[in-house]
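# Secondary and tertiary structure notes
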Amino acid sequence: MRKNFKRLLAVTLTGAMTLSLAACGSKDDDKKKDDKKDEAFTLTLDQIKLGEDYTSVKADLKFLTHKTDKVDNTFQDYIKEFQKLYPNVNIEYEGITDYANDITTRLSTGDWGEICMVPTTVDKDELENYFVSFGNKSKLGESYDERFLNNYAFSDKVYGMPSMVNLQGIVYNKKVFEEAGVTELPKTPDEFLAALKKIKDNKKDDKKFVAPLYTNFAADWTMNAWDAYIDGGATGDADFVNTGLTKGKEPFSDRGDQTGPYAVYNTLYEVVKQGLTEEDPTTTDWEGSKGMINRGEIGCMVLGSWAIPQMQAGGDNADDIAYMPFPITVNGKQYAAAGPDYCYGINVNSSNDQKTAAMCYIKWLIEKSGFAESEGGITGIKGSKLPDALTIFDSIELVVNKAAAAGEETLFNDVNNDSELGINVSGAIPKQIVEEAIKKDGMEMKDMVKEWNEKWTTAQENHDIKFE
Amino acid sequence: MKEKGNFNFLKWIKSAKVNKVLCIITFMLVPLTLLFVFTYLPFAKMIGFSFYDMKYIGGREFVGLENYLEVFTRDDCFRALKLSLYYIGASFIQLALALYFASLLSFKTKASGVFKGFMFFPYLVCGIAVGFIFKFFYTRGFVLDTVLQWCGFELDNLPYWLRDTKINNFSVAATSIWRYMGQNMVLFIGAIMSVDSSLYEAAAIDGASGWDKFKYIIFPSIKTIIVLNLILSITGSLSAFEPPYVITGGNFGTGTYFVIMNKLAHESQKVGLASAMAVVLLVIILIATMLQKVFFRYFFGEGEEEAIRTVRKRQKREALEKQKMANGGGVS
């Protein structure tokens, strides 16, 4: 009897478990069948006339966003505005705090919502499995700046539309710089260091003053902002990512003329080494830093142009906040990198109505919402003008990274992941620099450069990259 | 069943025997399903992942044991495991403190309930919040520095608690003492309460001091729970994650094994390698636990059992005495 009981128990348990698993499985199957019943989705972004087409479309949309602070206010206003044109579309925003990490996991489930900001973790050849195409690059290029569509384009189809375009520069407090006698903006790393030193000397007796340059080290992602300066902005070469980094030989070496990745990283090293940053980077406070730079307790911070409005809103001195290009001059000319921020993407598993509604909303967000300007960037629509805070960039050439050649779309990501240097992903290099510069007997710049080059070269070899 | 001819399903299902079985099954079904779906299934999947070169999204490639080889050849994985020593050290201090407070508070102490509450409270705070609390606690010129300045220290002589690589691991590990001490203490108090109080009375009549009572009554009676706590703390130390992840982000040499694993999986997208690391850690923890069990059985015994060492000592002594007796008998 005992034996029978055990058998019965075992059978029931396995039965129940397979049943529950099977239940999950069958649901998925149903959904796929439904999708197949729908006709193929062929609408593209350029075909939509806002306010005229599809105004009767009925759909509920779920929107995953990294902008947790905007979910309850700004975005609600957007929804209201949009619903004036499209009354039957309901949109629900979900803010995710640890967006970059969580979204990858959510995406792999397939059932996450309709619109999200496409994460960098999706390789280009995988895009079509997760996102709806917005149309052909050349066709979209008629109304949008084609250079900003490359990030999520694969075989001429665009899967992510930039929510805004950032310029890469340095956000600084004008008053602090002027008070220290820095009237001309630094154009080279040396001039920059000299300027910061002047500020430090000027503020020697100011107990409240925190640092000429605040790294925001503890916030972590702020360090990976430094990686955005090493390509176009530091070389003036829009193809540097592909030819210089991905396929270049030992890209981190000192080029001897204060340009390239070395110049950017060495600036960080020297700034920290010479004590021009906050005393203890492990306890920096990101939210607090907005108020500090606004009140003139911080000289500058190395962040994309999206940071400008946030720093302006940090206190009462919005007018003191200004933006300058990164102090690197290539052959007498200064460049600034410009690139898309997070891009909107539409779930490929949604129904056709949802896809249509989502596309209308995204078009509205890009063209009518004013989101990009209010966030310190530009829209990526052809011929859009720089906002007031960025007029200084009028005289500076903007460099937008070129797309990788066909067949090599994933190469940079592959090498980057393999090397574990996490360029634009984890900020491993800038973090290491700060750590070593602070330690009493830390590594010197040239030893670190050697280490990065070795890691990078090994990763390149693993992916069969041959040097020309 | 047909042979019986008059099988009645209703009667069968209502019978006590079947009812008992049904009861057991229905009650076990829910927890077992949860356990299977959320623990064993993901775990099996993870073991599967560890044999692949894969990212979260995209194709995967079978690479056999390559990931495991890499875990053992990389220098950062096992170097990170050394950091566990800080947490193991902290767990000893934590248990000693917990034992001390438990012994004090289980006797008549004024406001013992309040103290118990205060000391248990940190355990209820979520680990992430604890991390943020201590980030501010250690910030230059904030809580800790201010308190130390009241005590007469000069700010200039104080170290940077999280920046200085000589002490930052101590600072981070100390937070886990604060967090878990209360929990250990409550467990100890529970164990001490279960000791027969007549033993204390008898000891008091015999003139035993507080220390004697602890040494001869409390300690032997709660041996098992101490060992259990010790094993839990040490295995927990090997997989320390929250404090370094939240407080320092694993920077400045505070990245424990788990933090490194998280970095590899999420930042470099090396999911296979990270899974292999997790499996290796599991094996290490299993070995550590077994070693501890053997160790404690040898020195302290298990439950009612006597320690193997004591038994052997006694046997030796007895054998010696026997021999002596035999020898002595021969001489006289």
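A quick note: this is a predicted structure, and the numbers were derived from the prediction, not measured.

### Quick notes on the overall build of chain B
Helices and strands together make up the secondary structure of chain B, namely 16 helices and 2 strands. The C-alpha extent of chain B, read off along each of the three principal axes, is 95 × 85 × 55 Å. Sorting the 332 residues of chain B into buried and exposed places 30% on the buried side. The long-range fraction of contacts in chain B, counting pairs at least 24 apart against all pairs at least 6 apart in sequence, stands at 67%.

### Quick look at the domain arrangement of chain A
All names here are of chain A. Along its sequence, chain A is carved into domain 1 (45-164 + 341-375) and domain 2 (171-340 + 394-468). Taken over C-alpha atoms, the centre of domain 1 sits 30 Å from the centre of domain 2. Counting residues at the interface gives 15 residues for domain 1, matched by 9 residues for domain 2. Classifying every residue of the side of domain 1 that touches domain 2 gives 5 nonpolar, 4 polar and 6 charged.

### With respect to the nonpolar core
One recurring pattern in soluble globular proteins is that nonpolar side chains are buried together. In this structure, Leu61, Val171, Met301, Ala336, Tyr361 and Ile362 of chain A are the most contacted members of the largest nonpolar core, which totals 124 residues. Aside from chain neighbours lying at most four places away, what touches methionine 301 of chain A is Val171, Leu213, Tyr214, Asn216, Ser289, Ile293 and Ala307 of chain A. Residues Leu105, Ile260, Ala278 and Phe296 of chain B belong to the second largest nonpolar core, which totals 59 residues.

### Quick look at the interface of chain B and chain A
Taken residue by residue, the interface counts 27 residues in chain B and 33 residues in chain A. Elements with a minimum of two residues in the side of chain B that touches chain A: helix H2 (16-49), helix H7 (127-138) and helix H14 (257-266) of chain B. A per-class count over the side of chain B that touches chain A returns 11 nonpolar, 10 polar and 6 charged.

### Overview of the sheet that holds strand S6 (residues 157-158) of chain A
Residue and element names in this part refer to chain A. Spatially, the 3 strands line up as an open sheet ordered S4-S6-S5, and their pairing is antiparallel. Because the sheet does not close on itself, it has two edges, and the strands there are strand S4 (135-136) and strand S5 (153-154). Sheet topology places S5 next to S6; 2 bridges connect them, and they run antiparallel. When the sheet's bridge partners are listed, alanine 153 is paired in S6 with valine 158.

### Let's talk about the packing of helix H12 (residues 223-238) of chain B against helix H15 (residues 271-299) of chain B
When two helices pack together, their arrangement is given by the angle between their axes and by how far apart the axes lie. Residues and elements named next belong to chain B. For the pair H12 and H15, the least separation of the axes is 10 Å and the interaxial angle reads 155°. Between H12 and H15, the angle is such that the two are roughly antiparallel. The chirality of how H12 crosses H15 is right-handed. Here Val227, Ile231, Ile234, Thr235 and Leu238 of H12 lie close against H15, whose contacting residues are Leu281, Ile284, Ile285, Ala288, Thr289, Gln292 and Phe296. Each residue belonging to the contact of H12 with H15 can be placed in one class, and the counts come to 9 nonpolar, 3 polar and no charged.

### Here's the deal with the packing of helix H7 (residues 189-202) of chain A against helix H11 (residues 260-273) of chain A
Residues and elements named next belong to chain A. Where H7 meets H11, the axes come as close as 10 Å, and the angle between the chain directions of the two elements is 20°. Taken together, H7 and H11 sit at an angle that is classed as roughly parallel. In this structure, H7 crosses over H11, and the sense of that crossing is right-handed. Along its contact with H7, which presents Pro189, Phe192, Leu193 and Leu196, the element H11 presents Ala263, Asn266, Thr267, Glu270 and Val271. Here the residues of the contact of H7 with H11 are counted per class, giving 6 nonpolar, 2 polar and 1 charged.

### A few points about the pairing of strand S1 (residues 59-65) of chain A
When a strand is regular, its side chains alternate between the sheet's two faces. Residue and element names in this part refer to chain A. Along S1, 5 of the 7 residues are buried, which leaves the element largely enclosed by surrounding structure. One ladder, built from 7 bridges, connects S1 with strand S2 (residues 89-95); its direction is parallel. When the bridges of S2 are listed, alanine 59 appears paired with valine 89. Handedness of the β-α-β unit built from S1, helix H2 (residues 74-85) and S2 comes out right-handed.

### Some remarks on H11 of chain A
Residue and element names in this part refer to chain A. Taking 1.5 Å per residue, 14 residues should reach 20 Å; H11 reaches 20 Å between its end C-alpha atoms and fits that length. Extensive coverage of H11 is indicated by the burial of 12 of its 14 residues. Listed as buried for H11 are Gly260, Pro261, Tyr262, Ala263, Val264, Tyr265, Asn266, Thr267, Leu268, Tyr269, Val271 and Val272. Elements that come into contact with the buried residues of H11 comprise H7, strand S10 (211-213), helix H9 (232-235), helix H17 (428-438) and helix H18 (445-462). At the C-terminal side of H11, glycine 275 shows a positive phi close to 70°.

### Focus: the domain arrangement of chain B
Quoted interface sizes are often the accessible area lost when the parts come together. On domain assignment, one finds that chain B holds domain 1 (2-69) and domain 2 (84-255). Spacing between the C-alpha centres of domain 1 of chain B and domain 2 of chain B amounts to 39 Å.

### Here's the deal with the sheet that holds strand S11 (residues 298-301) of chain A
All names here are of chain A. Spatial ordering of the open sheet is given by S10-S11-S9-S12, a layout of 4 strands whose pairing is mixed. Both edges of this open sheet fall to S10 and strand S12 (321-325), since each of them pairs with a single strand only. Taken pair by pair, the neighbouring strands of this sheet meet at an average axis angle of 25°, ignoring direction. Across the sheet, H7 is in contact with S10 and S11; its angle to S10 comes to roughly 165°.

### Brief notes about the environment of alanine 102 of chain B
Residues and elements named next belong to chain B. By the element assignment, alanine 102 lies in helix H5 (residues 84-105). For alanine 102, a count of 23 C-beta atoms within 10 Å puts it in the buried group. What alanine 102 contacts, discounting residues up to four positions off in sequence, is Met185, Phe188, Ile189 and Ile192.

### Focus on unusual backbone geometry
Here glutamate 250 of chain A, not a glycine, exhibits a phi torsion of approximately 45°, which is positive. With respect to the element layout, glutamate 250 of chain A can be found in the loop between helix H10 (240-246) and H11. The phi angle at alanine 111 of chain B is positive, at roughly 55°, despite the residue not being glycine. When you line up the elements, alanine 111 of chain B lands in the loop between H5 and helix H6 (112-124).

### Some remarks on H7 of chain B
All names here are of chain B. Between its first and last C-alpha atoms H7 spans 16 Å; for 12 residues at 1.5 Å apiece the expected length is 16 Å, and the two agree. Residues of H7 that are buried include every one of Val130, Gly131, Phe134, Lys135, Phe137 and Tyr138, and no others. On an axial view of H7, the arc spanned by its buried residues comes to 160°, and they lie on one face. Facing away from the buried side of H7 by over 90 degrees, the exposed positions are Ile128, Ala129, Phe132 and Phe136. For H7, the elements touching its buried residues are helix H8 (143-150), helix H9 (168-193) and helix H13 (242-248).

### A word on the pairing of strand S9 (residues 169-173) of chain A
Residues and elements named next belong to chain A. Most of S9 sits out of view: 5 of its 5 residues are buried. By the bridge criterion, 2 bridges tie S9 to S11 in an arrangement that is antiparallel. What sits directly across from tyrosine 172, in S11, is cysteine 300.

Rules and cut-offs
- Residues numbered from 1 in each chain as written.
- Chains lettered and ligands numbered in written order.
- Predicted model: local features only at pLDDT ≥ 70, side-chain atom pairs only at ≥ 80, totals over all residues.
- Helix = DSSP H or I, 4+ residues; strand = E, 2+ residues; numbered from the N terminus.
- Buried ≥ 20, exposed ≤ 12 C-beta atoms within 10 Å, placed from the backbone.
- Contact = placed C-beta atoms within 7 Å.
- Domains from an automatic or database assignment.
- Nonpolar A, V, L, I, M, F, W, Y, C, P; charged D, E, K, R; others polar.
- Core = buried A, V, L, I, M, F, W, Y, C linked by C-beta atoms within 7 Å.
- Pairing = 2+ DSSP bridges.
- Axes fitted to C-alpha atoms, helices over the stretch in contact; angles between N-to-C directions.
- Parallel < 35°, antiparallel > 145°, perpendicular 65-115°, else oblique.
- Left-handed = near helix turned anticlockwise from the far one by under 90°.
- Right-handed = clockwise from strand over helix to strand, strands pointing away.
- Expected span 1.5 Å × (residues − 1).
- Arc of directions from axis to C-beta.

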